[in-house]
Amino acid sequence: GNVQFKKSTAYLTTASESSLNRLVNFLSNNPKIKLEISGHTSNEGDPIKNKTLSLERAQAVINYLAEKGINKERLTPLGFGEEKPISDNSTVSGRKLNRRVEFRVISK
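Quick summary incoming for the structure in this document. (Residues numbered from 1 in each chain as written. Predicted model: local features only at pLDDT ≥ 70, side-chain atom pairs only at ≥ 80, totals over all residues. Heavy atoms only, no water.)

1. Notes on the overall build of the protein
In step 1: When its secondary structure is counted, the protein shows three helices and three strands.
In step 2: The order of helices and strands in the protein, counted from the N terminus, is α-β-α-β-α-β.
In step 3: Each of the three principal axes of the protein carries a C-alpha extent, and together these read 40 × 25 × 20 Å.
In step 4: The buried share of the protein, reckoned over its 108 residues, is 39%.
In step 5: Contacts spanning at least 24 positions in sequence make up 68% of the contacts within the protein whose residues lie at least 6 apart.
In step 6: One finds the centroid of the 18 positive side-chain charges in the protein at a distance of 6 Å from the centroid of its 11 negative side-chain charges. (Helix = DSSP H or I, 4+ residues; strand = E, 2+ residues; numbered from the N terminus. Buried < 20%, exposed > 50% of the residue type's maximum accessible area, 1.4 Å probe, protein only. Contact = heavy atoms within 4.5 Å. Lys, Arg positive; Asp, Glu negative; His and termini not counted. Charge placed at Lys NZ, Arg CZ, Asp CG, Glu CD.)

Structural data, given as structure tokens:
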């Protein structure tokens, strides 16, 4: 599923909630799994601000999961700013895809 953010913010789009709720269910059913949550931005704006914003995006996801009962100690936030694009930053749709959070299982 996709976790997306409003441009230049760490505000989750409402469309992201269904993906995050599936993640809550997964983590609830697998209590030993820990996740690395990495935030990313498009290349618009200042690279240093984007680095901060990307970490805020990861933290926004952690806060959402914690509100649903997931222990924050299982969740590690990382911010990569604009360093790891998955799409073309020269298009609107590409930049939208680059404003994202990714999840990686770090232990079971």
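2. Quick notes on the sheet that holds strand E1 (residues 34-40)
In step 1: The sheet built from three strands is open, its strands ordered E2-E1-E3 with mixed pairing. Edge strands, defined here as strands with exactly one partner in the open sheet, are strand E2 (75-79) and strand E3 (100-107). The average angle at which neighbouring strand axes cross in this sheet is 25°, direction not considered.
In step 2: Sheet topology note: the E1/E3 ladder contains seven bridges and is antiparallel. The residue of E3 that forms the bridge with Leu35 is Val105.
In step 3: Helix H2 (residues 47-67) contacts E1, E2 and E3 of the sheet and is inclined by roughly 160° relative to E2. (Pairing = 2+ DSSP bridges. Axes fitted to C-alpha atoms, helices over the stretch in contact; angles between N-to-C directions.)

3. A few points about the environment of Gly79
In step 1: Tracing the backbone shows Gly79 in strand E2.
In step 2: What makes Gly79 buried here is its relative accessible area of 19%.
In step 3: For the pair Gly79 and Ser54, spaced 25 residues apart in sequence, the C-alpha separation works out to 4.7 Å.
In step 4: Each residue touching Gly79, except ones within four places of it in the same chain, is listed here: Gly39, Lys51, Ser54 and Leu55.

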